[in-house]
Amino acid sequence: MSLTPSHMTELDSPLPAFRLPDPHGAEVDSEQFRDTPLLVAFICNHCPFVKHIADAFADFTREYGDRGLAVVAINSNDFATHPADSPERMVEEAQARGYDFPYLVDETQEVARAFQAACTPDFFLYDCHHRLAYRGQFDDSRPSKETPVTGKDLRAAADAVLAGQAPDAKQMPSMGCNIKWK
């Protein structure tokens, strides 16, 4: 596995518009989340970095969803070369992990490019005006470390955004597998 950091897109950047299908073909449009804080997470099924945080991330999304944070996850990997990331397998993964957020297919990879997503997982948290407030790691745990998975970095940022405040500008990049580009 290659270790790739996020690009650390400039804070206060606008949310790139997107319209993507879930694995069943139901479309989700970024306009559905107008005036709502939104977390966009680039994940996939096979990446060990995503697997390492997946259960804690599912818990995070349920907890913060109840507090008013909308969440979507996007799989931009080339599933022709990585069949474990196919839409059919996304359905299985979402059920196994208890994902209760839209898990979307970016088959053209245009949305990943618009966000400047680089790795899985890669997190982009937007405030209610859809300006980028946080981009970075879930926490400093990694598959090779014994650090517990807590989501502390993303939790602190989400707490600030939900309180109408700016998160700490000192943000650490996410690290994970590179997006599997076509």
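Residues numbered from 1 in each chain as written. Predicted model: local features only at pLDDT ≥ 70, side-chain atom pairs only at ≥ 80, totals over all residues. Heavy atoms only, no water.

As annotated in an unreviewed UniProt entry, the protein chain carries the name Thioredoxin family protein and is attributed to Halomonas sulfidivorans.

## Considering the sheet that holds strand S7 (residues 119-120)
The antiparallel open sheet is built from 3 strands, whose spatial order is S1-S10-S7. Each edge of the sheet is formed by a strand with only one pairing partner; in this case those strands are strand S1 (4-5) and S7. Two strands pair when backbone bridges link them, and S7 and strand S10 (residues 175-178) are joined in this way by 2 bridges, in the antiparallel orientation. Bridge pairing in S10 links Cys 119 to Asn 178. Along the sheet, helix H1 (residues 48-66) contacts S7 and S10; its crossing angle with S10, the most-contacted strand, is approximately 130°. (Pairing = 2+ DSSP bridges. Helix = DSSP H or I, 4+ residues; strand = E, 2+ residues; numbered from the N terminus. Contact = heavy atoms within 4.5 Å. Axes fitted to C-alpha atoms, helices over the stretch in contact; angles between N-to-C directions.)

## Quick notes on helix H4 (residues 152-162)
An α-helix turns once per 3.6 residues; consequently, residues spaced three or four apart project the same way. The set of residues buried in H4 consists of Asp 153, Leu 154, Ala 157, Ala 158, Ala 160 and Val 161. In an axial view of H4, the angular spread of the buried residues amounts to 160°, which keeps them on one side of the axis. The secondary structure elements touched by the buried residues of H4 are strand S4 (38-42), H1, strand S8 (122-126) and strand S9 (132-136). Backbone geometry just downstream of H4 places Gly 164 in the positive-phi region, at approximately 75°. (Buried < 20%, exposed > 50% of the residue type's maximum accessible area, 1.4 Å probe, protein only. Arc of directions from axis to C-beta.)

## Focus on the pattern of salt bridges
Taken as a whole and judged by the stated rule, the model has 11 salt bridges. Of the charged contacts, one joins Lys 152 and Asp 140 as a salt bridge, the two residues approaching to 3.9 Å between their closest N and O atoms. Here the residue Lys 152 occupies a position in helix H4, and Asp 140 occupies one in the loop between S9 and H4, the gap between them amounting to 12 residues. Given a relative accessible area of 47%, Lys 152 falls into the partly exposed group. Each of Arg 19, Glu 27 and Asp 29 takes part in a single network of salt bridges with overlapping partners. (Salt bridge = Lys/Arg side-chain N within 4 Å of Asp/Glu carboxyl O.)

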